[in-house]
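# Fold and contact review
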Amino acid sequence: MDDDERTMRRALRLAARATGRTSPNPLVGAVVVKDGAVVGEGYHHRAGEPHAEVNALTAAGARARGATAYITLEPHTFHGRTAPCTDALVAAGVARVVVAMRDPEPRVNGKGLRALREAGIAVTEGILASEAERQNEGYLSRVRSGRPFVTVKLATTLDGRVVVAGRRYLTGRPALKEVHRLRDRNDAVLVGVGTVLADDPRLTVREVRGRDPLRVVVDSDARTPVSAQVVRAKDPQRTVIFVARDAPAARTKRLRAAGVLLATLPRADGGLDLGAALRWLGEQGVNTVLSEAGPHVAGALVGAGLADRLLLYLAPLAGGGGAIALPGLADTRALRELTVRRVGDDLAISGYLS
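These remarks concern the structure in this document.

Cut-offs and rules
- Residues numbered from 1 in each chain as written.
- Predicted model: local features only at pLDDT ≥ 70, side-chain atom pairs only at ≥ 80, totals over all residues.
- Heavy atoms only, no water.
- Helix = DSSP H or I, 4+ residues; strand = E, 2+ residues; numbered from the N terminus.
- Rg over C-alpha atoms; globule rule 2.2 N^0.38 Å.
- Buried < 20%, exposed > 50% of the residue type's maximum accessible area, 1.4 Å probe, protein only.
- Contact = heavy atoms within 4.5 Å.
- Areas by Shrake-Rupley, 256 points an atom, 1.4 Å probe, with all protein chains shown as cover.
- Lys, Arg positive; Asp, Glu negative; His and termini not counted.
- Charge placed at Lys NZ, Arg CZ, Asp CG, Glu CD.
- Core = buried A, V, L, I, M, F, W, Y, C linked by side-chain atoms within 4.5 Å.
- Salt bridge = Lys/Arg side-chain N within 4 Å of Asp/Glu carboxyl O.
- Pairing = 2+ DSSP bridges.
- Axes fitted to C-alpha atoms, helices over the stretch in contact; angles between N-to-C directions.
- Polar contact = N/O pair within 3.5 Å; in protein donor to acceptor, adjacent residues only side chain to side chain.
- Expected span 1.5 Å × (residues − 1).
- Arc of directions from axis to C-beta.

## Digging into the overall build of the protein chain
Across its full length, the protein chain carries 11 helices and 16 strands. Here the protein chain has a C-alpha radius of gyration of 22 Å; the compact-globule value for 354 residues is 20 Å, and the two agree. In terms of its C-alpha atoms, the protein chain occupies a principal-axis envelope of roughly 65 × 45 × 35 Å. The 354 residues of the protein chain split such that 51% are buried. Sequence-distant contacts in the protein chain: of pairs separated by 6 or more residues, those separated by 24 or more amount to 71%. Total accessible area computed for the protein chain in this model is approximately 16,000 Å², and 49% of it derives from carbon and sulfur atoms. Each charge class in the protein chain can be summarised by its mean position, and for the 51 positive and 38 negative side chains these summaries are 5 Å apart.

Next up, the structure:
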């Protein structure tokens with residue numbers, strides 16, 4: 001591994017510290033190196049706060065002059081909630097900038113690199129680009145397709161059933177803790193109204209330290225009870241319930257009065273237009289969604305090509321007679337980059353959907 005790759009990997013590790021905190025912005029890390037030594041480093045903590053480049057340059061101070069700055073994503077050139085990072089790099093007097101990948105955001109997309117070159121700064125791009133793409137798959141999905149990156153999570157028996165009589169959870173405590181860690185790392189967690197009626201989940205982070213995601217319920221006919229925990233939460237405005245445009249007015253009125261946010265969508269395929277739901281979330285700056293919905297919504301997401309990653313927790317159980325995990329799929333869906341891990345007594349099977 002050469003020095004550029006080694007230092008860029010360090011910048012990627014810095015960026016990862018803010019996973020789940022920066023939306024609608026991307027994850028970005030930066031490292032400033034002079035004469036072979038790190039003189040400053042930083043990462044973007046959350047939207048509205050200084051960007052990674054500024055944090056790293058501030059730490060470096062005067063030592064940034066003549067140095068090389070390693071940045072996981074192309075610096076921006078426009079005035080938003082913060083000043084352009086290209087201006088900060090030029091003002092600091094860095095001699096070289098190494099970036100992992102370009103930012104596809106239309107206001108950037110090569111403009112940042114061009115501005116640096118025009119200022120006389122040497123630019124190298126493409127160092128660990130695939131790793132940077134993976135790290136920002138949520139941001140990139142929203143910018144490129146208008147919708148968040150969606151992970152569909154399901155717990156099943158060995159024969160693909162999602163319910164076993166007498167058991168609230170199919171999987172053990174280690175898998176449960178991992179799911180709560182995923183909630184912390186995703187912007188939103190999504191369920192269908194069937195899950196709300198059957199399990200009354202809180203959709204919060206409790207098994208690990210972290211922050212609660214946005215709670216999203218797909219509920220065509222506004223059947224979510226006002227007594228549901230997602231409605232009675234201490235922050236009901238962090239619950240979004242998607243309902244059909246023709247949902248019963250009395251029910252929608254009660255939910256609005258309870259303080260949750262209702263968004264109306266057209267009906268589709270016996271439910272709601274899930275593509276429209278995801279586009280709505282993308283417009284609100286949501287980069288990543290973790291679906292913990294039951295088989296009907298999970299199958300609809302996968303079947304419509306709206307799921308990017310599938311995560312199955314396979315419990316060492318057989319039988320039970322419950323619904324199958326992904327009903328109604330007309331075509332076979334292949335998984336790429338498949339991984340299989342043991343999580344306590346369970347298996348976690350994960351892959352990207354083609």
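Structure's up, so let's keep going.
## As for the nonpolar core
One finds Met8, Val32, Ile71, Leu89, Val94 and Val97 to be the most contacted residues of the largest nonpolar core, which totals 41 residues. A per-element tally of this core places helix H1 (residues 3-16) first, with 5 residues. Each residue touching methionine 8, except ones within four places of it in the same chain, is listed here: Tyr70, Ile71, Thr72, Val98, Val99, Ala100, Ile127 and Leu128. Among the nonpolar cores identified, the runner-up in size contains 32 residues, and Phe242, Val289, Ala293 and Ala298 belong to it.

## A few points about the pattern of salt bridges
This model, assessed by the stated rule, comprises 24 salt bridges. Residues participating in the shared-partner salt-bridge network are Arg134, Glu137, Arg336 and Glu337.

## Side note on the sheet that holds strand E3 (residues 68-71)
The strand order across the open sheet built from 5 strands is E2-E1-E3-E4-E5, with neighbouring strands paired in mixed fashion. Unpaired on one side and paired on the other, strand E2 (37-43) and strand E5 (122-125) mark the two borders of the sheet. Taken over all neighbouring pairs, the strand axes of this sheet differ in orientation by 15° on average, direction set aside. In terms of strand pairing, E3 meets strand E4 (residues 96-99) through 4 bridges, oriented parallel. Its bridge partner lying in E4, threonine 68 is registered against arginine 96.

## Digging into the pairing of strand E13 (residues 288-291)
Across the two faces of E13 the burial is the same, with Thr288 and Leu290 and Val289 and Ser291 all buried. Across 4 bridges, the pairing between strand E6 (residues 149-156) and E13 is parallel. Looking at the pairing, phenylalanine 149 lines up with threonine 288 of E13. In this structure, strand E7 (residues 188-192) lies alongside E13, joined through 3 bridges in parallel fashion. Looking at the pairing, alanine 188 lines up with valine 289 of E13.

## A short note on the sheet that holds strand E10 (residues 261-265)
Taken in spatial order, the 9 strands line up as E10-E9-E8-E7-E13-E6-E14-E16-E15 in an open sheet, and their pairing is mixed. Every interior strand has two partners, whereas the edge strands, E10 and strand E15 (335-343), have only one. Ignoring strand direction, the axes of neighbouring strands in this sheet form an average angle of 20°. In the packing of helix H7 (residues 173-185) onto the sheet, the strands contacted are E6, E13, strand E14 (309-314), E15 and strand E16 (346-353), and the crossing angle to E14 comes to about 160°. Across the face of the sheet, helix H11 (residues 295-303) comes into contact with E6, E7, E13 and E16 while running at roughly 135° to E6.

## Thoughts on the pairing of E6
E6 sits mainly inside the fold: 7 of its 8 residues count as buried. Pairing analysis gives 6 bridges linking E6 to E14, with the strands arranged parallel. Note on E14: the bridge partner recorded for threonine 156 is leucine 314.

## Focus on the side chain of aspartate 187
The topology assignment puts aspartate 187 in the loop between H7 and E7. Of note is the side chain of aspartate 187, whose polar atom sits 2.7 Å from the backbone nitrogen of asparagine 287. Excluding anything up to four places from it in sequence, aspartate 187 contacts Gly20, Ser23, Arg211, Pro213, Leu214, Gly285, Val286, Asn287 and Thr288.

## Comments concerning H1
Over its 14 residues, H1 runs 20 Å from end to end, which matches the ideal 20 Å to within 8%, given 1.5 Å per residue. By the burial criterion, the buried members of H1 are Asp4, Thr7, Met8, Ala11, Leu12, Leu14 and Ala15. The arc that holds the buried residues of H1, viewed along the axis, is 155°, so those residues lie on one side. Elements that come into contact with the buried residues of H1 comprise strand E1 (29-34), E2, E3, E4 and helix H5 (129-135).

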